[in-house]
Amino acid sequence: MGGVLIYFNTNKLIHKDVENFLVNREEIATTQIVNGESISSLNNYEQKVIIIPPISKLNIPIFTDTLIYDIIDDKYHPYLQLSLNRKIGKQYYHIEISKSLIETKLLVREIFITMLFVFIGLIVLMIVLNLLISRNMWRPFKDTLKKLKNYKSGQSEPIKFKKTNTYEFSQLNEIIEIMMGKIRNDYLNLKEFTENASHEILTPLAVIKSKTDMLMQLDNLNEHELNFVKAIYDSTVKLSRLNQGLILLAKIENQQYGSEEKIDLNQLMLNNFKEYKEMADLKEISIRIDLKDTNFIQMNANLSQVLITNLLRNAIKHTKKGGKIELSASQGILKFLNSGDEITNKNFKMFERFQKQNSESLGLGLSIVKKICDRYFIKINYQYSKGLHEFTLLLDTD
Amino acid sequence: MKILIVEDEKELVDDLNEFLDDQGYIIEVAPTTSVAREKIFVYQYDILILDLGLPDGSGLDVLKYVKKHKPQTGIIILTARDALDDKISGLDLGADDYMTKPFLLSELNARIKSIHRRRNFDGNSTIIFNEIEIDTDKMRVSINDQNLTLTRKEYELILYFVINKNKVLTKESIIEHLWGDHSDMFDSLDFIYTHIKNLRKKMQDMGGADYLKSVYGIGYKFETD
């Protein structure tokens, strides 16, 4: 764009210059005629003066671009020609003066090429400079980004950035540090609240439970009274489970289970299968297990245990007496199947809190499972076919 | 046997006191870590029941103190917090057992007895009640000197009953003791009845008295009078 502009501008400028030159030459020729020099001596290769009959159009210079054949080069060259009618004395003259544009053409080209080189040089210089600048000047910014990316809300150290001389970056870092400080404080407060809430609720619960326990030991209670006490006792048990479940959910959401290790999920399934087999036997549920390949995953050991046991418990809980459970694992896939009736409620949201099929259950087990899966990028699917509920865990295998 | 309860919740302390006193233990109470430290320094306790959240500090500090100065004392951590960190650090520091609130007195009693036997304070691992003799080392039960053939669960069941004799044990608490906290998986807890029935039959076959009484369908009681 700039190149084109320069090309045309230079061309125009030179044209103007040549025009001025021609006007000048014409004035010289006129002076010569006035001085009485012979017309033939004025005629040459670039200049032509002829006497013409009187005409009315005088003193109007006309510039034309024309091509004139050059014998030496055997080529047509571009010329700028001035033609003018003048009255000198009593005679009328037609004066034609031409000037080759070949030099100017060359000049423009030279200028254009030089400019082009300058431009390319500038662009290359800019790219190199940009690279150097982005490498050095943006370094503190990149450092900030990296630290932010690796920051976990649960980490014990507050975030600290490298010192930088760039005003904008030091401002940015300062603002982020203040902001993160606030977030950290809020997080710690929330964490403290969760722990306090659990503590403060469980202690009175413990009192209620032990009081009802003591009450039950009294000899003079009749069945009616004892059933009241039992109802309080049952609710206490349920409340404490609910509390534990909600605290667990909050802790997973707050990412308070930080430490991770390599977990063998197949082994975990096998261990829990052995433990829960007894439970299943009590309900006369046949339980089968089929483990293939290996499934390792990087996750918190406690959460992996919660994940597997919750699915197993869910299966045992919702299988009727005499039903069956099938557990299987292959590369990247874990399956939990159990027999049971289809869920008829179309609006039943399996993985949401307090969604339950009967009033006895808390409706937290599967929402905890979902939370853990989300945390470790495990896909969980549910389907029902041929009288079997099927939960599938798909591990992210890359 | 002397027990120190380090707990600040008065109502809970009262219940623990009453229940454990009834079991024939000598009970002392410390509501704060500083009182606990004083008492531990001066007296000798067999078992320490330790709450972690105390008004003037963490029970874990008391735990460290006990481990340093009176390492022969058995320790049961009792806490409302189930933060896993606490659990792990508590057991790492040498606590014998861990119970989260709310807990059952009968379960606590079973744990105290178990630590007591493990630590073998009396040099005796045998529990004798009338015609029943339970050898906790060999996990064997005999009635009138005749061995009973019991399943693992039946053994644990009779031990739990004898330890908590004359106490109403709910079906939930029995399941929790025998199988862990799984009672919510069952629509009905009547399967306990089968275990009780089998145990009762085995005991009576050896000429034992029928101690196991059902309490209005809510639980059972090992009745001695």
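In the block above lies the structure referred to throughout.
What to know about the packing of helix α7 (residues 171-179) of chain B against helix α8 (residues 191-205) of chain B
Residues and elements named next belong to chain B.
Item 1. At a minimum axis distance of 11 Å, the contact between α7 and α8 shows a crossing angle of 75°. By the criterion of interaxial angle, the relationship of α7 to α8 is roughly perpendicular. Between α7 and α8, the residues in contact are Ile174, Ile175 and Trp179 and Phe191, Ile192 and His195, respectively.
Item 2. Here the residues of the contact of α7 with α8 sort into five nonpolar, one polar and no charged.

A closer look at the sheet that holds strand β8 (residues 126-129) of chain B
All names here are of chain B.
Item 1. A sheet is described by the order of its strands in space; here four strands give the open sequence β8-β9-β10-β11, paired in antiparallel fashion. Both edges of this open sheet fall to β8 and β11 (146-147), since each of them pairs with a single strand only.
Item 2. Inspection of the sheet shows strand β9 (residues 132-135) paired to strand β10 (residues 140-143) by four bridges, in the antiparallel sense. Within the sheet, the bridge partner assigned to glutamate 133 lies in β10 and is serine 142.

Section: helix α3 (residues 59-69) of chain B
Each α-helix winds once per 3.6 residues, and so residues spaced three or four apart point in a common direction.
Item 1. Where α3 of chain B is concerned, the buried positions are Gly59, Leu60, Val62, Leu63, Tyr65 and Val66 of chain B.
Item 2. Two or three places before leucine 60 of chain B, at the opening of α3 of chain B, serine 58 of chain B has a side-chain oxygen 3.0 Å from that residue's backbone nitrogen.

Focus: the interface of chain A and chain B
Item 1. With 38 residues of chain A at the contact, the number on the chain B side is 39 residues.
Item 2. Our count for the contact surface shared by chain A and chain B stands at five salt bridges.
Item 3. Between glutamate 172 of chain B and lysine 230 of chain A there is a salt bridge, with the nearest N and O atoms lying 3.3 Å from each other.
Item 4. The interface formed by chain A and chain B contains nine residue pairs in polar contact (both at pLDDT 80 or more).
Item 5. Of all the elements in the fold, those that place two or more residues in the side of chain A that touches chain B are α5 (167-216), α6 (223-253), α7 (265-282) and α8 (301-318) of chain A.
Item 6. In terms of residue count, the dominant contributor to the side of chain A that touches chain B is α5 of chain A (13 residues).
Item 7. Residues belonging to the side of chain A that touches chain B are distributed by class as follows: 14 nonpolar, 10 polar and 14 charged.

Some remarks on the pattern of salt bridges
Item 1. One pass over the structure, following the stated rule, counts 32 salt bridges over all chains.
Item 2. As a salt-bridge pair, aspartate 234 of chain A and lysine 230 of chain A come within 3.1 Å of each other at their nearest N and O atoms. In this pair, aspartate 234 of chain A and lysine 230 of chain A are both assigned in helix α6, four residues apart and thus about one turn of the helix distant.
Item 3. Owing to a relative accessible area of 29%, aspartate 234 of chain A belongs among the partly exposed residues under this scheme.
Item 4. Residue lysine 230 of chain A is classed as buried on the basis of its relative accessible area of 11%.
Item 5. Residues lysine 64 of chain B and aspartate 61 of chain B are paired through a salt bridge, measuring 3.9 Å at the closest nitrogen-oxygen approach. You can see lysine 64 of chain B and its partner aspartate 61 of chain B sitting in helix α3, three residues apart, about one turn around the helix.
Item 6. Judged by relative accessible area, aspartate 61 of chain B falls into the partly exposed class, the value being 34%.
Item 7. Look at the salt bridges and you will find they share partners, linking Lys211 of chain A together with Glu11 and Asp15 of chain B into a network.

Quick notes on α8 of chain B
All names here are of chain B.
Item 1. Taking 1.5 Å per residue, 15 residues should reach 21 Å; α8 reaches 22 Å between its end C-alpha atoms and fits that length.
Item 2. Those residues of α8 that sit buried are Phe191, Ile192, His195, Ile196, Leu199 and Met203. Buried residues of α8 fall within an arc of 150° about the axis and therefore sit on the same side. In this structure, α8 carries Lys201 and Asp205 as exposed residues pointing more than 90 degrees from its buried face.
Item 3. Looking one or two residues beyond α8, the residue adopting positive phi is glycine 207, at roughly 85°.

Quick notes on the packing of aromatic side chains
The description of an aromatic ring pair rests on the distance of the ring centres and on the angle between the ring planes.
Item 1. According to the stated counting rule, one finds 12 aromatic pairs over all chains in the structure shown.
Item 2. Ring plane angle 55° and centroid distance 5.4 Å describe the contact between tryptophan 138 of chain A and phenylalanine 169 of chain A, whose orientation is recorded as tilted. On the criterion of sequence distance, the pair formed by tryptophan 138 of chain A in the loop between α3 (102-136) and α4 (139-150) and phenylalanine 169 of chain A in helix α5 is long-range, its members being 31 residues apart.
Item 3. Consider the rings of tyrosine 382 of chain A and phenylalanine 391 of chain A, whose centres lie 5.0 Å apart with planes at 50°: the pair is tilted.
Item 4. It is lysine 2 of chain B that lies over the ring of tyrosine 45 of chain B; its NZ or CZ is 5.2 Å from the centre.

Each value, and the rule that gives it
Throughout this description, residue numbers start from 1 for each chain and increase along the sequence as written. Following the order in which they are written, the chains are lettered starting with A and the ligands numbered starting with 1. Where totals are concerned, whole chains, interfaces and linings use all residues; where local detail is concerned, this predicted model gives features only for residues with pLDDT of at least 70, and gives and counts side-chain atom pairs only at 80 or more. Heavy atoms throughout the structure, all of them, feed into the side-chain values; hydrogens and water do not. Axis angles are defined between N-to-C directions and span 0 to 180 degrees, where every axis is a line fitted to C-alpha atoms and, for a helix, only to the segment in contact. The way it works is that DSSP assigns letters per residue, a run of H or I at least four long becomes a helix, a run of E at least two long becomes a strand, and they are numbered from the N terminus. Orientation categories follow fixed angle ranges, with anything under 35 degrees roughly parallel, anything over 145 roughly antiparallel, 65 to 115 roughly perpendicular, and all other angles oblique. Whether two residues are in contact is decided by their heavy atoms: any pair within 4.5 Å suffices. Only Asp, Glu, Lys and Arg are considered charged in this grouping, and only Ala, Val, Leu, Ile, Met, Phe, Trp, Tyr, Cys and Pro are considered nonpolar; every other residue, Gly among them, is considered polar. What makes two strands pair is DSSP finding at least two bridges between them. Exposure categories follow from relative accessible area, calculated using a 1.4 Å probe and restricted to protein chains: below 20% of the type maximum is buried, above 50% is exposed, and the middle band is partly exposed. Whenever a nitrogen or oxygen atom comes within 3.5 Å of another N or O atom, the pair is scored as a polar contact, on the condition that within protein one atom can donate a hydrogen and the other can accept it, and that pairs from neighbouring residues in sequence are kept only if both atoms are in side chains. By salt bridge we mean one thing: a side-chain nitrogen of Lys or Arg within 4 Å of a carboxyl oxygen of Asp or Glu. In this scheme, a helix's expected span is set at 1.5 Å multiplied by one less than its residue total. Of all possible arcs, the one meant is that of the directions from the helix axis to the C-beta atoms. Between the rings of Phe, Tyr and Trp (Trp by its six-membered ring), a pair exists once the centres lie within 6.5 Å; its type follows the angle of the planes, with under 30 degrees stacked, over 60 edge-to-face, and the other angles tilted. Only when the NZ of Lys or the CZ of Arg is both within 6 Å of the ring centre and within 35 degrees of the ring normal is a charge said to sit over the ring.

These figures come from the coordinates and say nothing about function on their own.
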